[in-house]
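Structural characterization, general
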Amino acid sequence: MSVTVILLAVGAACCLGLGFVFQQAAAQHAPMKDFLSLRLLLDLARMPRWLAGIGLMVCGMALGAFALGMGDITLVEPLLATNLLFAMALSRWLTRQRLGRSGWAGLWLLAGGVTAFIVAGRPHGGQATADPLRQWLIIGVVLGTALLLTAIAKRMWMALEAALLGTAAGLLYGLQDALTRMSGDRFTAGGWTAVATSWQPYAVVALGVTALVLVQSAFETAPLRLSLPALTAAQPLAGIACGVGFLGDQLRVTPGALAWQAAGIVAIVVGIVLIGRHPAMPPGSGPPHPRARALAPR
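Below or above, wherever it landed, is the structure these notes cover. (Residues numbered from 1 in each chain as written. Predicted model: local features only at pLDDT ≥ 70, side-chain atom pairs only at ≥ 80, totals over all residues. Heavy atoms only, no water.)

Attention shifts here to the overall build of the protein. Per the secondary structure count, the protein includes 12 helices and 0 strands. Taken from N to C terminus, the helices and strands of the protein fall in the order α-α-α-α-α-α-α-α-α-α-α-α. Burial status across the protein gives 51% buried among its 298 residues. In the protein, the proportion of contacts linking residues at least 24 apart, taken out of those at least 6 apart, comes to 86%. When the accessible surface of the protein is split by element, carbon and sulfur atoms take 70% of a total near 13,600 Å². (Helix = DSSP H or I, 4+ residues; strand = E, 2+ residues; numbered from the N terminus. Buried < 20%, exposed > 50% of the residue type's maximum accessible area, 1.4 Å probe, protein only. Contact = heavy atoms within 4.5 Å. Areas by Shrake-Rupley, 256 points an atom, 1.4 Å probe, with all protein chains shown as cover.)

Below, the structure written as structure tokens:
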């Protein structure tokens, strides 16, 4: 288990967490007419705070790509989930809120869950599957679930809408991480020519842009605590599914190891939810959008 991979993944999580806070602070002021539209990105690009958040996010993705190139996705993805800890740290500093019981519980559950999953599972690389049907089936399930959640989100009230969009974006980011790993393998095997002539790099860009629109739309409609936990929980689950499903990553499969891995994943998800719903997370400032008022439950 490379210390370098762990440091790169944690550095990526730090940049992503801080970047999400800055992005949400800007996105809540974007016009609702651009909801789920590429125009939303053009409007946000005029806001310095959003550009700072995107800069941090790009740095995080670059560090994550290096980590995925050197390590296994089943190791990197749980570490990337710790981005919520860094988002919480910045939000707590901005709001002056104390952690309290729920905050500390979420922190320890998230950190403990990541540790339990990695120690019990001992993720390591193996031979990637050569079965294209299996690969496309997993990719199709992830993409289809993300599209279904996005379609359902349009009919829901604000809080659930943001959570569903965050989940859809997390699934796409997890798939993007898997394809980034495949692109790195292509580069190692054949250099830039092999990368340029394969479909994975172009799919990585398409997934990144689509997920970005979903994330910013979720940030635009509701407080960060309603969308970021769902995003952070969905990404490692999708990434691990792809890693084990068709990238050849392997985990220990003894009954005890599987029990600890399952407990670790549950602890990660519960910790993410507790941290994401903590009062220190940005609640959003400024007047609510007309659409948000119309969709809010009575």
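We are not done yet, so read on.
Counted at 1.5 Å a residue, the expected span for helix α3 (residues 48-70) with its 23 residues is 33 Å, and the 33 Å between its end C-alpha atoms agrees. What α3 keeps buried is the set Trp 50, Gly 53, Ile 54, Met 57, Gly 60, Gly 64, Ala 67 and Leu 68. (Expected span 1.5 Å × (residues − 1).)

This part covers the side chain of Gln 235. Here Gln 235 lies in helix α10 (residues 224-246). Setting aside chain neighbours within four positions, we find Gln 235 in contact with Glu 77, Leu 80, Gly 170, Tyr 173, Gly 174 and Asp 177.

Across all of its chains, the model carries 3 aromatic pairs by this definition. The interplanar angle of 80° and the centroid separation of 6.1 Å between the aromatic rings of Phe 20 and Phe 219 together place this pair among those described as edge-to-face. Of this pair, Phe 20 sits in helix α1 (residues 3-27) while Phe 219 is found in helix α9 (residues 200-221), placing the two residues 199 residues apart along the sequence. Like Phe 20, the residue Phe 219 is buried in the burial classification. Geometrically, the ring pair formed by Phe 187 and Trp 192 is edge-to-face, given 4.9 Å between the ring centres and 65° between the ring planes. For Trp 192, a relative accessible area of 66% corresponds to the exposed category. (Phe/Tyr/Trp six-rings, centres within 6.5 Å; stacked < 30°, edge-to-face > 60°.)

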